[in-house]
Amino acid sequence: MILIVDDTPENIYSLKALLTLHSFPVDTAAGGEEALKKILNNSYALIILDVQMPDMDGFEVASIISGYSKTKDTPIIFLTAANTDKQYITKGYSSGGVDYITKPIDSDILLLKVKTMYRLYEQSRRLSEIHLDLLQEIDQRKKAEKAAYEKAAELHSTLESIPQIAFTITADGGLEYTNSKWLEYSSSPAEYPPTHPEDIDLQKAISNSVMTREPFETEIRLRRHKSEVYRCHLLRVMPVLENNEIVKWAGTFTDIEDQKQIAEKKDEFISIASHELKTPLTSIKSYLQLLERESAGNAPFSLYVTRTLSQVKKLDGLIADLLDISKLENGKLLFEENAFDIDRLVNNQIEMFSHTYPDYTISRTGEVGQPIHGNEPRIEQVLINFFNNAIKYSPDRKEIIVETRIIEGDKLFVSVTDFGIGIHKEEQQKLFDKFYRAPQASSGFQGMGIGLYICAEIIHRHHGTFGVESEPGKGATFYFTIPLHKTNQ
Ligand code: ADP
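Reading the values: the criteria
Residues numbered from 1 in each chain as written. Predicted model: local features only at pLDDT ≥ 70, side-chain atom pairs only at ≥ 80, totals over all residues. Heavy atoms only, no water. Helix = DSSP H or I, 4+ residues; strand = E, 2+ residues; numbered from the N terminus. Rg over C-alpha atoms; globule rule 2.2 N^0.38 Å. Buried < 20%, exposed > 50% of the residue type's maximum accessible area, 1.4 Å probe, protein only. Contact = heavy atoms within 4.5 Å. Near = heavy atom within 4 Å. Polar contact = N/O pair within 3.5 Å; in protein donor to acceptor, adjacent residues only side chain to side chain. Areas by Shrake-Rupley, 256 points an atom, 1.4 Å probe, with all protein chains shown as cover. Pairing = 2+ DSSP bridges. Axes fitted to C-alpha atoms, helices over the stretch in contact; angles between N-to-C directions. Domains from an automatic or database assignment. Expected span 1.5 Å × (residues − 1). Salt bridge = Lys/Arg side-chain N within 4 Å of Asp/Glu carboxyl O. Core = buried A, V, L, I, M, F, W, Y, C linked by side-chain atoms within 4.5 Å.

Here we come to the overall build of the chain. A tally of regular secondary structure across the chain gives 13 helices and 17 strands. A compact globule built from 489 residues should have a C-alpha radius of gyration of about 23 Å, whereas the chain, at 46 Å, is more than 25% larger. Seen along its three principal axes, the alpha-carbon backbone of the chain occupies a region of about 145 × 60 × 45 Å. Among the 489 residues that make up the chain, the fraction classed as buried is 39%. Within the chain, residue pairs in contact and separated by at least 24 positions form 60% of the contacts whose partners lie at least 6 positions apart.

Looking now at the site of the ligand. The local shell around the ligand holds 21 residues, among which Asn389, Tyr393, Asp418, Arg437 and Leu452 are the closest. One of the side-chain nitrogen or oxygen atoms of Tyr393 is found 2.7 Å away from an oxygen atom of the ligand. Between the ligand and Leu452, the relevant distance is 2.8 Å, taken from an oxygen atom to a main-chain nitrogen or oxygen of the residue. For the ligand, the accessible surface in isolation is 530 Å², of which the surrounding protein chains cover 97%. Examining the composition of the shell around the ligand, we find that four residues originate from one element, helix H10 (residues 376-392), more than from any other.

If you walk across this open sheet you meet the five strands as S7-S6-S10-S9-S8, and the pairing is antiparallel. Of all strands in the sheet, those bounded by a partner on one side alone are strand S7 (175-178) and strand S8 (216-222). Direction aside, neighbouring strands of the sheet carry axes that sit 25 degrees apart on average. Packed onto the sheet, helix H5 (residues 107-161) meets strand S6 (165-170), S7, strand S9 (231-242) and strand S10 (245-255) and runs at close to 155 degrees relative to S6. Where helix H7 (residues 257-294) meets the sheet, its contacts fall on S8, S9 and S10, and the angle it forms with S9 comes to roughly 125 degrees.

Glancing now at the domain arrangement of the chain. On domain assignment, one finds that the chain holds domain 1 (2-127), domain 2 (162-255), domain 3 (259-329) and domain 4 (338-483). The distance between the C-alpha centroids of domain 1 and domain 4 comes to 97 Å.

Another point: H5. Taking 1.5 Å of rise per residue, 55 residues should cover 81 Å, and H5 covers 80 Å from first to last C-alpha, within 8% of that figure. Regarding H5, the residues found buried are Leu110, Leu111, Val114, Met117, Tyr118, Tyr121, Ala152 and Leu159. Sitting at the head of H5, Asp106 places a side-chain oxygen 2.9 Å from the backbone nitrogen of Asp108.

Attention now moves to the side chain of Gln381. You can see Gln381 is positioned in helix H10. Within the structure, the side chain of Gln381 is placed 2.8 Å from the side chain of Asp324, a separation counted as a polar contact.

Across the sheet, five strands lie side by side as S2-S1-S3-S4-S5; this open sheet has parallel pairing. The sheet terminates laterally at strand S2 (26-29) and strand S5 (98-102), the two strands that pair on one side only. The average angle at which neighbouring strand axes cross in this sheet is 20 degrees, direction not considered. The pairing of strand S1 (residues 2-5) with strand S3 (residues 46-50) spans four bridges and is classified as parallel. Its bridge partner being in S3, Leu3 is matched across the sheet by Ile47. Helix H1 (residues 9-21) rests against S1, S2, S3 and strand S4 (76-80) of the sheet, and its axis sits at about 170 degrees to S2. Here helix H3 (residues 58-67) sits on the sheet and contacts S3 and S4; the angle it forms with S3, its principal contact strand, is near 150 degrees.

Considering all chains together, one arrives at 32 salt bridges under this definition. Close ionic contact of Lys113 with Asp99 constitutes a salt bridge, the shortest N to O distance being 3.2 Å. Taken together, the positions of Lys113 in helix H5 and Asp99 in strand S5 put the pair 14 residues apart, joining distant regions of the chain. Linking Glu122 and Arg125 is a salt bridge whose minimum nitrogen-to-oxygen distance equals 2.8 Å. Within this pair, Glu122 and its partner Arg125 are both found in helix H5, separated by three residues, close to a single helical turn. We classify Arg125 as partly exposed; its relative accessible area is 31%. Each of Glu122, Arg125, Arg126 and Glu129 takes part in a single network of salt bridges with overlapping partners.

Quick look at the nonpolar core now. Soluble, globular proteins show a tendency: their nonpolar side chains are buried together. In this structure, Phe387, Leu412, Phe478 and Phe480 are the most contacted members of the largest nonpolar core, which totals 46 residues. Every element with two or more residues in this core is listed here: helix H8 (301-329), helix H9 (342-356), H10, strand S14 (399-407), strand S15 (411-418), helix H13 (451-461) and strand S17 (475-483). A domain-level breakdown of this core finds at least three residues from each of domain 3 (259-329) and domain 4 (338-483). Excluding anything up to four places from it in sequence, Phe478 contacts Phe386, Val414, Ser415, Val416, Ile423, Leu431, Phe432, Leu452, Gly467 and Val468.

Here you go:
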């Protein structure tokens, strides 16, 4: 908007008409004081100021305006009557934002000057807007940089405080930060620690994880600079996310050598103990079987002997499981695979369990109708385990359903369903882990938590799958699938 300041209404009128005709928005003031009031309240792109005014002359007005920070850069065109005025103008205002025009006004020249001044004002206004935006952006960047720096510093001090070897990697895979423990294993913060020659290539594995954007975990052997001995470490590389974007990766090497050795010792102990227990137990069992035959009909001894024998058989089963575990761990669980009749096997087990647990109804649906390939005694072991669990964990509703069928054209599917205590969703995945028992089972039912672990290993060796579907309080279905025919895996 342009402000015209003149004490002569005719002048105002004609100037206003001229500028409005050329599409300039115009405001007017009839004297210096009114002009100053308007200037304080509004923003003007240009002020056209009559020099000769009765109350306050144009120069006075201009000098006051130049004192306000808001208006000091507003361009002014003085309207001068006499030539003498010109020297004041050039003397007082040399900023370039000031011009003059003599009366009588030549409208073409005035328009030319107004346009130039207006353009000048617009440009400088745009420049100061850009300047302001730039300042804001610089400020924001500084703040973001500071926040990122603080976050990184926080992460680094956390990684420094933990006992593990720790490091961070940039989003594109470059080693970024390493804690001081790193230097006990690597000669430089810029190099990965050397690993055992038989282990995987660390750099490659980590680059691969960064490329595929997948967290990474592996066991790897490292040794300290001055040591000859490698120790097993668990390497974990996890993405650090910000607004769901991977901004970097954080990694740790945890020394797990001691845990590994303890676990090995425990496995060794289980192996030795179960072996040593097995021999005397086998002879106890044989003598008890002899006694059972000898004491037949001799009540109450025959009953005592039968009960003892049944407990010894349970003990024998537990020891067999423990032996299996140690064999599995040492890779000594041998699997000879042959074709066998799964329908016969399932029917035999149903008959046997129905005989042992007459109060349970065990029914079967589906038939396979063809021989399958696998290790019969081990598949039988899985089935017995599923049956035993189904009976053990359903003390109130004594009904069990076994289903067998062929799926996907070439796979055997076997499931055992009970209507017992069931398992919570969050427990279900853990049931196949070694020694895991769901809390509701551990309180009321005896067991060691190894049966399903062995089943899982057996099915795994058959290149099959296994799982459970269950709702607490409604029962459970344990199932497995294995290829019908020999595979080359
Ligand atoms: P165990 O029965 O000796 O504890 P398993 O390895 O056979 O060991 O089973 C592991 C756990 O799985 C059990 O402790 C129990 O919590 C759960 N489980 C297995 N079968 C069933 C089932 N049919 N119903 C409910 N829970 C079951």
